[in-house]
Amino acid sequence: MRHRQLAVRDTVLHVAEIGDGPPVLLLHGWPEFWATWLPLINRLHGDFRLIAPDLRGFGDSAKAAAPRSDVGANCHADDMAALLHALDLDSVGVVGHDVGAYAAQALARRHPQAVERLLFFNCPTASVGGRWVHDGHVNEVWYQAFQQLGLAEALVGSSREACSLYLGHFLTHWCHRKDAFEPAFESWVDNFMKPGNLRGGFDWYRSQNALRLAAIDGHAPPSVRIHQPTRVHWGRHDPILKSEWAAFVPEHFDEAKVTFCESAGHFVHVEAPDEAAQVFVDVFG
């Protein structure tokens, strides 16, 4: 595994990289960082060049000195386009999950020449709309408002125990296989206890809030269709991104195949890594 810090636009990104095959960019979600891809990396590094950056504000990438609300999907997409340029890569396969799924869609729209094909492990779209808060689902998305509050970082980061309780909730509740993160959990707490890492992740929710509210109110901006070949492999038991919402994928993609992982929730790549690796090979092999 090669680790380096690369100056990209107005920030510095940490990038973990391994392998020498066809290049594939791996874009993580929240509460994650580059190491969320290790189950796939361990299975695929012999056949692909796997590039796993920490998104701006996450992991070991540079942090802002104060909370920001301008680091949404377009910002991350432009960072990734600049990163590919810094790596001398014209186009790559792209895998997106959670925050990374939004960033991957923005990358495909804003820099289509950089994206050969796409794979999503669950795929949020603007068409989810009011379903974010209907039928009791508002009780699942409470954290998206809480994490925008100034006190959130202070409370969650007040002690290792508090951080463990908070992260542990999401890394078990969102999983169908409840022990999926157990072997790596302490490294997750280590990561989010680093100065600025909670704020960096929470900045996503500040930055995405206006678009999220517009979608909930039925006023999402028009969506530019994505033309690259796409595969979505959705965890059947995801409590936050419901698998029934896969029905909206054709509204945003010209060529998308949707399949389901019957043994996973939100984190297909961690909960069912053998199956996820096979889907990866089907898409990029």
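Treat the numbers as computed from the prediction; the structure is a model and nothing was measured. (Residues numbered from 1 in each chain as written. Predicted model: local features only at pLDDT ≥ 70, side-chain atom pairs only at ≥ 80, totals over all residues. Heavy atoms only, no water.)

Packed helices, taken two at a time, are described by the angle between their axes plus the distance between the axes. Packing of helix α6 (residues 160–173) against helix α7 (residues 185–192) brings their axes to within 10 Å, and their N-to-C directions diverge by 120°. Between α6 and α7, the angle falls in the class oblique. Note that α6 runs across α7; the crossing there is right-handed. Contact with α6, carried on its side by R160, C163, S164, L167, G168 and L171, involves F185, E186, W188, V189, D190 and F192 of α7 and no other residues of that element. Grouping the constituent residues of the contact of α6 with α7 by class yields 7 nonpolar, 2 polar and 3 charged. (Axes fitted to C-alpha atoms, helices over the stretch in contact; angles between N-to-C directions. Helix = DSSP H or I, 4+ residues; strand = E, 2+ residues; numbered from the N terminus. Parallel < 35°, antiparallel > 145°, perpendicular 65-115°, else oblique. Left-handed = near helix turned anticlockwise from the far one by under 90°. Contact = heavy atoms within 4.5 Å. Nonpolar A, V, L, I, M, F, W, Y, C, P; charged D, E, K, R; others polar.)

Considering the arrangement of structural elements, one finds T259 in strand β8 (residues 256–261). Polar contacts involving the side chain of T259 include one to the side chain of H233, which spans 2.6 Å. Discounting chain neighbours no more than four positions away, the residues touching T259 are R231, V232, H233 and W234. (Polar contact = N/O pair within 3.5 Å; in protein donor to acceptor, adjacent residues only side chain to side chain.)

In this chain, W30 is followed by P31 through a cis amide linkage whose omega measures 0°. Here P31 lies in the loop between β3 (23–27) and α1 (38–44). Even without glycine at this site, R9 takes up a positive phi of about 55°. Its place among the elements puts R9 in the loop between β1 (2–8) and β2 (11–18). Here D98, not a glycine, exhibits a phi torsion of approximately 60°, which is positive.

Of all hydrophobic cores here, the largest spans 96 residues; its most connected members are L25, W30 and F280. The dominant element in this core, judged by the number of residues it contributes, is helix α3 (residues 99–110), at 7 residues. Residues contacting L25, with those up to four places away along its chain left out, are I51, P53, M80, L83, L84, V92, G93, V94, V95 and L107. (Core = buried A, V, L, I, M, F, W, Y, C linked by side-chain atoms within 4.5 Å. Buried < 20%, exposed > 50% of the residue type's maximum accessible area, 1.4 Å probe, protein only.)

With that settled, consider helix α8 (residues 197–216). Taking 1.5 Å of rise per residue, 20 residues should cover 28 Å, and α8 covers 28 Å from first to last C-alpha, within 8% of that figure. By the largest-angle criterion, N209 marks the main kink of α8, which is about 50°. Counted residue by residue, α8 has 17 buried out of 20 residues, so it is predominantly covered. Just downstream of α8 lies G218, where phi reads positive at about 85°. (Expected span 1.5 Å × (residues − 1). Bend = angle between axes of the 7 residues up to and from the residue.)

The subject of this paragraph is the packing of helix α2 (residues 73–86) against α3. The N-to-C vectors of α2 and α3 enclose an angle of 65°; their axes lie 8 Å apart at closest approach. By the angle class used here, α2 and α3 are roughly perpendicular. Judged by the sense of rotation from one axis to the other, the crossing of α2 with α3 is right-handed. Judged by residue contacts, A73, N74, H76, A77, D78, M80 and A81 of α2 engage V99, Y102, A103, A106, L107 and R110 from α3.

Here 7 bridges tie β1 to β2, and the two strands are oriented antiparallel to one another. Note on β2: the bridge partner recorded for R4 is V15. Where β1 folds back on β2, the antiparallel hairpin that results is connected by 2 residues, among which R9 adopts a positive phi of roughly 55°. (Pairing = 2+ DSSP bridges.)

Now for a nonpolar patch on the surface. Together, L149, L151 and L155 make up an exposed nonpolar region whose accessible area comes to about 270 Å². Mapped onto the secondary structure, L151 falls in helix α5 (residues 150–156). Of the residues examined, L151 reaches a relative accessible area of 44% and is grouped as partly exposed. (Patch = residues over 30% accessible without salt bridge, like charges linked within 9 Å, V, L, I, M, F, W, Y side chains within 5 Å. Areas by Shrake-Rupley, 256 points an atom, 1.4 Å probe, with all protein chains shown as cover. Salt bridge = Lys/Arg side-chain N within 4 Å of Asp/Glu carboxyl O.)

Quick look at α2 now. The terminal C-alpha atoms of α2 lie 20 Å apart, and with 14 residues this matches the ideal 20 Å at 1.5 Å per residue to within 8%. Listing the buried residues of α2 in full gives A73, C75, H76, A77, D78, D79, M80, A81, L83 and L84. Of the residues one or two after α2, D88 is the one with positive phi, at around 65°.

For the rest of this paragraph, the subject is the packing of aromatic side chains. Applying the stated rule across the entire model yields 25 aromatic pairs. Between W174 and F267, the ring centres sit 6.3 Å apart and the planes meet at 35°, which makes this aromatic pair tilted. Placement of W174 in the loop between α6 and α7 and of F267 in the loop between β8 and α9 (268–271) is noted, with a sequence separation of 93 residues between them. Overall, the relative accessible area of 1% leaves W174 in the buried class. Assessed through its relative accessible area of 0%, F267 is described here as buried. (Phe/Tyr/Trp six-rings, centres within 6.5 Å; stacked < 30°, edge-to-face > 60°.)

Remember that the coordinates give geometry; whether it matters functionally is a separate question.
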